[in-house]
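Structure assessment
Below are the chains, spelled out letter by letter.
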Amino acid sequence: MSIDPADISYVQIFPPIGIARLGDSGFDLSTGNPDGDIEWFLPSEIPGTEDMPTSLNGQFRDGKHRIKRQAVQFRVYAYREDGTILGEITSGNTSGYNINWTVHVANHKGTWYEFSGEYRPKPNGLRNPDVQPSLSPEKRSDLIVDSKVQPISGTCSRVELKGSFHGSQSDAVDAGPVTRVPWQILPEPHFQPDIISEFDSIDWVDDTCDGWVDVQVEYGDYKFPAQHKSTVMSAPPKFAWGIKSPTTLYDLLENIYNDRMGWKDHDGTEFYQDIWPVMHGSYALSWVNREAYEGHGVSAKGNFLTMEKDLATPGAANLDIRLLREHIFSRLRLPNYQDPDQSFTKYMPRLSGNDGDALEPGDAMRPGDPIKRFASLTELQYQRFLQWKLGKFLASDAPWSQYTEFEKVPLALQPSFLTRAALEHTVGEPLYPGIEVHWTARNPEMYVYDTSQQNNDPPFRFNHKVVQPGYIGRGLSLPWQSDFDQCNTHWWPSARPDDVINIRDFGSGDIIPVDDFIRNIAPKMRKWTRGIRETPDYPSEYYPGSTDMIRHWQKLGFVAKIPIAIGESKLPVWVENERMPIDGPLKYTFEFPSASQA
């Protein structure tokens, strides 16, 4: 569409937070060097999408069996002064607009303090304590990989990022240049020792990063800088596709902005936007976690998919439906640790919390406040469930349910679709320390609160005057694979599966009888990390599983939905596929500091 530059008051980038993910596509493991043959994919820009992105062509791996990288696409929109959206601005000869992007990402993990949870005593020690110990973390330059500000002109989606990492070595390890999609950092290979630290490995650097994306739009003499920067972060792969955490980063940020400035996506409670994603998600989680299968799987009493019609009935309904709603609501853990008596696996979500591993039935409690060792929904999520319990909700279709192509989404809805779609595949709870973001992302002071905003677009913006590139992820596990190894039960199975059923364990046919599934297939559920050694579950200087995870992460399987259903209810199925053999320690000519080869 044609946009008159005289009508433009400001421009804005969406999504406000974009997630890229690591992969080893484009890296030759036999030589330890990038080969430039990178394959990548874009996730759907439509919220609520469970199927694999069409850009994957049915496979998470490239033609050389390496993991494709997840890219992130940013769009720029023009607005009138009153907040009316004018349209998306595209560059080119026909539009007359030039779009000049800049990006700045960094990795500050090696500079930060030793790992701690939000509710644990903060350690005084620094990571890499012998390197520039007298400087503040943000000035320990020998431990920072920083791309600096890089320009991207026009519609180019590839950029060379350079950085270096000294560690305790006198010479810097060059981190580039390498052409990649999306914007990530790749260290050069060096000697890789076994892991001997829980989350704070000395002299290690991994290839996660975070930072900002900015834009300036030009049309003749008109120049429009973005009203606010967007955030880009590069995170570990999502190995369970279409399976969502009960609380995502979208939920976390909506709660923060609601508490701080009263913003929320919509008034009231909408069943298919607020309630059903959590309930349906509990069934989806049953395909990646054995405890979830026992409680919410195919034949479990908590399989909400078989109750959808009743659960979506608003108003007083009949007594049975009211009792069902009350029973489900009674099992939800109060937010903000309000009830210490709910520190048991009876209450949901049955996920570990922000003070360490959740207690298993029969475990002795340690001194302190054990309720914080369990996850809960946000305050806003809980209040919406309360309204649902009371029957005060609507059950209209979610706004995104009728769209499969982003170009057909009404203009006014596009920014909110982009925001939600980018964040609904993330983990917002628990953050100990986190997957995409560190637990400090709960701090309201990290965000911009623009009270002049005239529209209802999601305002989820990190304040990049305070949150410098590399700050969002600096407290996460170093390297990220250590966390992937050790957080192996009821932590974040929506990203890192715990237990799976392999596709080879399914027979042929479009529909599998429930009895056949329960008798012949479900017992074949097994550990996602089978073949990787176990790390002892006690303080140790020996972390064999973390070492193996670094060397073998790129061989683990992806869990995705397949076109097979179970029973008359046609329950959906998620299975593990594309798993590569894990046959003992790999012996490469080169080994890698994080082995993640983003």
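Values in this document were obtained by computation on a predicted structure and should not be read as measured data.

1. Section: the packing of helix α1 (residues 249-261) against helix α7 (residues 414-423)
- Packing of α1 against α7 brings their axes to within 7 Å, and their N-to-C directions diverge by 125 degrees. On the basis of the axis angle, α1 is oblique to α7. Together, Leu 249, Tyr 250 and Leu 253 of α1 and Thr 419, Arg 420 and Leu 423 of α7 make up the contact between the two elements.
- Along the lines of polarity and charge, the residues of the contact of α1 with α7 split into four nonpolar, one polar and one charged.

2. Comments concerning the pairing of strand β22 (residues 558-566)
- A large share of β22 lies buried, amounting to seven of its nine residues.
- Alignment of strand β20 (residues 511-512) against β22, held across two bridges, turns out to be parallel. Bridge pairing in β22 links Ile 512 to Ile 566.
- Note: β22 against strand β23 (residues 571-577), seven bridges, orientation antiparallel. The partner of Ile 566 across the bridge, within β23, is Leu 571.
- The loop that links β22 with its antiparallel partner β23 comprises four residues; one of these, Gly 567, has a positive phi angle of about 70 degrees.

3. Observations concerning the sheet that holds β23
- Ordered in space as β20-β22-β23, the three strands form an open sheet in which the pairing is mixed. Both outer strands of the open sheet, β20 and β23, are each paired with one neighbouring strand and no more.

4. A short note on α7
- Where burial is concerned, most of α7 is hidden: 10 out of the 10 residues are buried.
- Listing the buried residues of α7 in full gives Gln 414, Pro 415, Ser 416, Phe 417, Leu 418, Thr 419, Arg 420, Ala 421, Ala 422 and Leu 423.

5. Observations regarding the sheet that holds strand β8 (residues 85-89)
- One open sheet accounts for three strands, arranged β1-β7-β8; its pairing is antiparallel. In the strand order of this sheet, the two ends are held by β1 (10-14) and β8, each with one partner. Taken over all neighbouring pairs, the strand axes of this sheet differ in orientation by 30 degrees on average, direction set aside.
- In terms of strand pairing, strand β7 (residues 75-79) meets β8 through four bridges, oriented antiparallel. The residue of β8 that forms the bridge with Val 76 is Ile 89.
- Most of the contacts of α7 go to β7, to which it runs at about 150 degrees, and overall it touches β1, β7 and β8.

6. Considering the packing of aromatic side chains
- What the rule picks out here adds up to 39 aromatic pairs.
- Measuring from centroid to centroid gives 6.0 Å for Phe 41 and Trp 241, while their planes differ by 80 degrees, and the two rings are edge-to-face. In this pair, Phe 41 sits in strand β5 (residues 40-41) while Trp 241 sits in the loop between β18 (230-235) and α1, placing the two residues 200 residues apart along the sequence.
- Here Trp 112 and Tyr 113 contribute two aromatic rings whose centre-to-centre distance is 5.0 Å and whose plane-to-plane angle is 70 degrees, an arrangement assigned as edge-to-face.
- Taking relative accessible area as the criterion, Trp 112 reaches 18% and is therefore assigned buried.
- Since its relative accessible area comes to 34%, Tyr 113 is described here as partly exposed.
- Connected via pairs of aromatic rings, a cluster forms that spans Phe 41, Phe 60, Phe 239, Trp 241, Trp 480, Phe 484, Trp 528, Trp 553 and Phe 558.
- Sitting over the ring of Tyr 250, Arg 420 keeps its end group 4.2 Å from the ring centre.

7. Section: the pattern of salt bridges
- Evaluation of the coordinates by the stated rule reveals 28 salt bridges.
- One connected set of salt bridges, linked through shared partners, spans Glu 45, Arg 75, Glu 88 and Glu 407.

8. Details of helix α5 (residues 319-330)
- Between the first and last C-alpha of α5 there are 16 Å, a value that for 12 residues agrees with the 16 Å anticipated at 1.5 Å per step.
- All buried positions along α5 are accounted for by Ile 321, Arg 325, Ile 328 and Phe 329. Taken end-on, α5 shows its buried residues confined to a sector of 100 degrees, consistent with a single buried face.
- Looking at the buried positions of α5, the neighbouring elements they touch are α2 (271-285), α4 (308-311) and α6 (379-389).
- Measuring from the backbone nitrogen of Asp 320 back to the side-chain oxygen at the start of α5 gives 3.1 Å, which picks out Asn 318 as the cap.

The rules behind each value
- Residues numbered from 1 in each chain as written.
- Predicted model: local features only at pLDDT ≥ 70, side-chain atom pairs only at ≥ 80, totals over all residues.
- Heavy atoms only, no water.
- Axes fitted to C-alpha atoms, helices over the stretch in contact; angles between N-to-C directions.
- Helix = DSSP H or I, 4+ residues; strand = E, 2+ residues; numbered from the N terminus.
- Parallel < 35°, antiparallel > 145°, perpendicular 65-115°, else oblique.
- Contact = heavy atoms within 4.5 Å.
- Nonpolar A, V, L, I, M, F, W, Y, C, P; charged D, E, K, R; others polar.
- Buried < 20%, exposed > 50% of the residue type's maximum accessible area, 1.4 Å probe, protein only.
- Pairing = 2+ DSSP bridges.
- Phe/Tyr/Trp six-rings, centres within 6.5 Å; stacked < 30°, edge-to-face > 60°.
- Lys NZ or Arg CZ within 6 Å of the ring centre and 35° of its normal.
- Salt bridge = Lys/Arg side-chain N within 4 Å of Asp/Glu carboxyl O.
- Expected span 1.5 Å × (residues − 1).
- Arc of directions from axis to C-beta.
- Polar contact = N/O pair within 3.5 Å; in protein donor to acceptor, adjacent residues only side chain to side chain.

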